[in-house]
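So you can see what is in the structure, the chains are spelled out below.
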Amino acid sequence: MTMWIVVILAGIATFSMRFVFIALFGVIAVPPLLERALRYVAPAVLAALAIPAIVSPDKVLDPINPFVPAAVIGGLAAWYTKSIGAAIVVGLPVLWLVLWLT
Amino acid sequence: MSEQARATWQEGLRDTSPILLGVAPFGLIFGVTASASGVDQFAAWASSLIVFAGASQLAIVEIIGTGGAAITALLTAIVINSRHLMYSADMGRLTPALPLGLRARMAYVLTDQAYLVAATRFDGPENVEGLPSYYFGAALSLWTTWQITTTTGFLLGNFIPASWRLEFAIPMVFLALLVFSIKSKPGLLAAVVGGTVAVLAVNLDYQLGLMAGAASGIVAGLVSERWLA
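Throughout this document, residue positions are counted from 1 along each chain, in the order its sequence is written. The lettering of chains begins at A and the numbering of ligands begins at 1, in the order of writing. With pLDDT at 70 or above as the cut-off, local features in this predicted model cover only qualifying residues; side-chain atom pairs require 80 or more to be listed or tallied, and sums for whole chains, interfaces and linings still use all residues.

With respect to the overall build of chain B
Move 1: Counting secondary structure elements, chain B contains 11 helices and 0 strands.
Move 2: The way it works is that DSSP assigns letters per residue, a run of H or I at least four long becomes a helix, a run of E at least two long becomes a strand, and they are numbered from the N terminus. Its helices and strands in sequence order give chain B the pattern α-α-α-α-α-α-α-α-α-α-α, from N to C terminus.
Move 3: Here the radius of gyration uses the C-alpha set of atoms, whereas the globule reference equals 2.2 Å times the residue count to the power 0.38. Taken against the 2.2 N^0.38 rule, which gives 17 Å for 229 residues, the C-alpha radius of gyration of chain B at 19 Å falls within 12% of a compact globule.
Move 4: In terms of overall dimensions, chain B has a C-alpha envelope of 55 × 50 × 30 Å along the principal axes.
Move 5: Three exposure classes are used. Buried residues have 20 or more other C-beta atoms within 10 Å of their own C-beta, exposed residues have 12 or fewer, and partly exposed residues fall in between, all C-beta atoms being placed from the backbone. The buried share among the 229 residues of chain B stands at 53%.
Move 6: By the criterion used throughout, residues are in contact when their C-beta atoms, derived from the backbone, lie within 7 Å. Intrachain contacts of chain B at a sequence separation of at least 6 include 74% that bridge at least 24 residues.

A short note on the packing of helix α7 (residues 112–121) of chain B against helix α8 (residues 131–157) of chain B
Residues and elements named next belong to chain B.
Move 1: Between α7 and α8, the least distance of the axes is 9 Å, while the angle of their chain directions is 150°. In terms of orientation, α7 and α8 fall into the roughly antiparallel class. The way α7 lies across α8 gives a crossing that is right-handed. Of α8, the residues touching α7 (which contributes Q113, A114, V117, A118 and R121) are L131, Y134, Y135, A138, A139 and L142.
Move 2: Ten residue types, Ala, Val, Leu, Ile, Met, Phe, Trp, Tyr, Cys and Pro, are classed as nonpolar, four, Asp, Glu, Lys and Arg, as charged, and the remainder, Gly among them, as polar. The class makeup of the residues in the contact of α7 with α8 is 9 nonpolar, 1 polar and 1 charged. For helices, the fitted line uses only the C-alpha atoms of the stretch in contact; every axis is such a line through C-alpha atoms, and the angle between N-to-C directions lies from 0 to 180 degrees. Orientation is classified from the angle alone, with under 35 degrees giving roughly parallel, over 145 giving roughly antiparallel, 65 to 115 giving roughly perpendicular, and any other angle giving oblique. The handedness criterion is simple: a crossing whose near helix is rotated anticlockwise from the far helix by less than a right angle is left-handed, and one whose near helix is rotated clockwise is right-handed.

Focus on the interface of chain A and chain B
Move 1: Taken together, the contacts link 63 residues of chain A with 77 residues of chain B.
Move 2: Broken down by secondary-structure element, the contributors of at least two residues to the side of chain A that touches chain B are α1 (2–23), α2 (32–38), α3 (41–55), α4 (67–81) and α5 (84–101) of chain A.
Move 3: Taken together, the residues that form the side of chain A that touches chain B break down as 47 nonpolar, 10 polar and 6 charged.

And the structure:
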């Protein structure tokens, strides 16, 4: 039930954010501070999601766990190829290799 | 649909097709990992139709699946999707004369990719002949690809053994999106501060460390513009 409530409310909020300025162009403008802040939303939130999951997989800082080399190599693959798929296709086998070796 | 509109629609589809190749694996990964995450599978699947924004859908699954609070999942999804305000403002600039119902349908399928493709092709309100057809060619091909690949991922997910550690795909997707999102020095600082604070605050209840990291990263980016931009 929790999942349904979150999905439906997130859907309403997301549609509202997509529609508000398309609907009200000329009536209200994007406040300049918000426009500047929005540029940093993606890097800040994505780092806050990705980095703890990689360096503290069990909620304890563990910078030499098997996820770290897999993420470094997978991240480089994503950067080099500009593709999300490459991060998985390269990162997962590295993870399997490290888990198998250790 | 007129002959002209059909041609413009197909042009939008054609310009988007290389992007579809990048979206398809993301859709598959979302479906597979969401089906294995322990959250309500039907709700997670329906998020493709209801929310239709990949990174936020994945964040909701990750947070609810690891025992985070509903409010954290909702706020995170809203913060991630707040970038659509920017796209909305720019699309509004291009489409002031179109009927409101049409603009509402344009808003539902507004994504990073559809916006970028359309904004590259149409740069000002004096030059918007064919914009709706072109935009829907781009946006609906992305929407259809997302629905098909996430559904396929859900179906496949039930056959993939746990020993493959596919849950690792979730942070890898966020990491790849992070790499693409860093376009300036203040943006890099926002990521470094956001990631560091989130790691230090990882034990806060309700995954509040995530919100703390996001907020401090955004502030760091804003404040550092003066020196780094």
